[in-house]
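# Summary of structural features
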Amino acid sequence: MTAHNAPGAARRGGAIVKNADAIVENADAQPCIELRDATVERGGHVIWSNGTFTIPRGTVTAIVGANGAGKTTLIDVELGLLELSRGSVRVLGAPAGANNRRIGYVPQNYMDDLDSNVTVGQSVLLGMTGTRFGLRRVTREQRADAAEAIEFVGLAGKERMRLSELSGGLRQRAAIAQALVGHPELLLLDEPLANLDLASQNAMVELFARLNREWGMTIQIVSHDLNMLLPILTGAVYLLDGHPHYSGMSDVLDSDLLTHLYGTRIEIVTTPQGDMFVTPNPAVEPEGHGTGTLAADEAASFFRRHYRDGNGTDRADGAAREERQA
Ligand SMILES: Nc1ncnc2c1ncn2[C@@H]1O[C@H](COP(=O)(O)OP(=O)(O)OP(=O)(O)O)[C@@H](O)[C@H]1O
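Quantities reported herein were computed from a predicted structural model and do not represent experimental measurements. (Residues numbered from 1 in each chain as written. Predicted model: local features only at pLDDT ≥ 70, side-chain atom pairs only at ≥ 80, totals over all residues. Heavy atoms only, no water.)

A few words now on the overall build of the protein. Looking only at helices and strands, the protein has 11 helices and 12 strands in total. Expressed as a percentage of its 326 residues, the buried residues of the protein come to 52%. When contacts within the protein are restricted to residue pairs at least 6 apart in sequence, those whose partners lie at least 24 apart make up 68%. A total of about 14,200 Å² of accessible surface is found on the protein, and carbon and sulfur atoms cover 46% of it. (Helix = DSSP H or I, 4+ residues; strand = E, 2+ residues; numbered from the N terminus. Buried < 20%, exposed > 50% of the residue type's maximum accessible area, 1.4 Å probe, protein only. Contact = heavy atoms within 4.5 Å. Areas by Shrake-Rupley, 256 points an atom, 1.4 Å probe, with all protein chains shown as cover.)

Next comes the structure, spelled out in C-alpha cells:
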C-alpha cells in the first residue's frame, strides 16, 4: 500500500500548515489512534489481546517488542487490513481503513514489491497513481507534489536514477517520498532503519524529526533500534506478555520494563552531557521475569548504539556519505 492524495488536498505548503492547525485544534477531540479492548488473531491464534490505549496526534511513537510479538500486525490493524476478533480501533477519528488516504505507509521490505528498474521519479508518482507509468493521467499539481516530496527527502536531481542504482539509505528516502506525496497526517514505517549504516540511520531520524516538527505529522515507527530514535520519540507502544500498551517515553525508559520486554537485563544510562541510551548488561541475568524470546546478544545489537543528537554534524556527514554512495 502506498500513500494517496487526500480528497481535495491543497498544495503542500498551505495544506500542511492548515492540517497542522487542524491537528492542534482537534488534538483532544480526535486522537490519532484509539484502541478499545482490542484482540487480534492470525491463523486461528491470538497474537495479542486486551489492547486499550489512545495515541495523541503530533506524537512520534515507537512500536517495540520481541520478534513475532505482533508489531507489524498492529500496523495491519491500523490500516484496516486485518480485522480485530474483539474490540475496536479508530484511526484519525474513523474506523480503521476509512482514513487510509490520510496515511502514508512504508512497509518493511519496500523493495520486494517494486521493480528495481523503476526510477525515483516513477516510484514516487506510483504513490499517487498506483501505476508505474502513470496510466491514470498525472496532473501538473501531482508532479509538483512529487517534486516537493523528492526535494524534502534530499533526492532532488536523482529523479531519473533507478532504485537499483541507489544505496540502501537513498532507496529508503525514495520510499518515504512515495509515502509523503499524499500529504499524510499519519506516517507508518515498519523497520525503516533496518539494514542502513549508522550515518544513513541518523539521516533518517533527522528526516522524521523534520516531518514531525515542520509538518506536524504524527509518526509511528516499528523499530528494534530504540536508541537511534530516542531523541525524537514522545512515546512507545510496547507489546508485553501478549498485550499492547502505550506510554510516554519517561515511563517506557524504565530498566525493569525493558528487561521484562526483551528478556535480558537492560540498563538506562545517562551521560554527563544529558544524553540517554539503553544498553544491555550481560553480566546480570534477569531474575524472575523475562520473556526468554530474545537472546542477550540479539538485544545487545538492538541497543548497542547511541544517537548523538544536537549539533547536526552527524546528519551532514550522513547525507554526504549517501551522496558518495549513490
Ligand atoms: N499472514 C499471516 N498468517 C498467519 N500468521 C501470521 C501472518 N503474518 C504474521 N503471522 C504471525 O503473527 C505473529 C506476529 O507477526 P508480526 O509480523 O506482527 O510480528 P512482529 O512483532 O512484527 O515480528 P518481527 O519483529 O519478527 O518483524 C507471528 O507469530 C507471525 O508468525
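Here we come to the site of the ligand. The immediate surroundings of the ligand are formed by Arg42, Gly43, Ile47, Ala66, Asn67, Gly68, Ala69, Gly70, Lys71, Thr72, Thr73 and His224. At 2.7 Å, a side-chain N or O of Lys71 approaches an oxygen atom of the ligand. Within the side chain of Thr73, one N or O atom sits 2.5 Å away from an oxygen atom of the ligand. Here the ligand, which alone exposes 630 Å², has 57% of that area covered by the protein. (Near = heavy atom within 4 Å. Polar contact = N/O pair within 3.5 Å; in protein donor to acceptor, adjacent residues only side chain to side chain.)

If you walk through the whole model with that rule in mind, you get nine salt bridges. For Arg90, the salt bridge identified is with Glu34, shortest N-O distance 3.8 Å. On the criterion of sequence distance, the pair formed by Arg90 in strand β4 (residues 86-91) and Glu34 in strand β1 (residues 33-42) is long-range, its members being 56 residues apart. Of the residues examined, Arg90 reaches a relative accessible area of 34% and is grouped as partly exposed. The exposure class of Glu34 is buried, given its relative accessible area of 18%. Taken together, the salt bridges that share partners define one network made up of Glu206, Arg210, Arg213 and Glu214. (Salt bridge = Lys/Arg side-chain N within 4 Å of Asp/Glu carboxyl O.)

So, on to the packing of aromatic side chains. Enumeration according to the criterion identifies two aromatic pairs in this entry. A centroid spacing of 6.2 Å and a plane angle of 35° characterise the contact between Phe53 and Tyr246, whose relative ring orientation is tilted. Linking Phe53 in strand β2 (residues 45-55) with Tyr246 in strand β10 (residues 243-248), this pair joins segments that are 193 residues apart in sequence. For Phe53, a relative accessible area of 5% corresponds to the buried category. The ring centre of Phe152 lies 4.1 Å from the NZ or CZ of Arg210, which sits over that ring. (Phe/Tyr/Trp six-rings, centres within 6.5 Å; stacked < 30°, edge-to-face > 60°. Lys NZ or Arg CZ within 6 Å of the ring centre and 35° of its normal.)

What follows is about the sheet that holds strand β5 (residues 94-95). Strand order in the open sheet made by the four strands is β2-β1-β4-β5, with antiparallel pairing throughout. Lying at the two open borders of the sheet, with one neighbouring strand each, are β2 and β5. Pairing between β4 and β5: two bridges, direction antiparallel. Bridging from a neighbouring strand, Val91 pairs with Ala94 of β5. The strands touched by helix α2 (residues 71-78) within the sheet are β1, β2 and β4, with β1 carrying the most contacts at an inclination of about 115°. (Pairing = 2+ DSSP bridges. Axes fitted to C-alpha atoms, helices over the stretch in contact; angles between N-to-C directions.)

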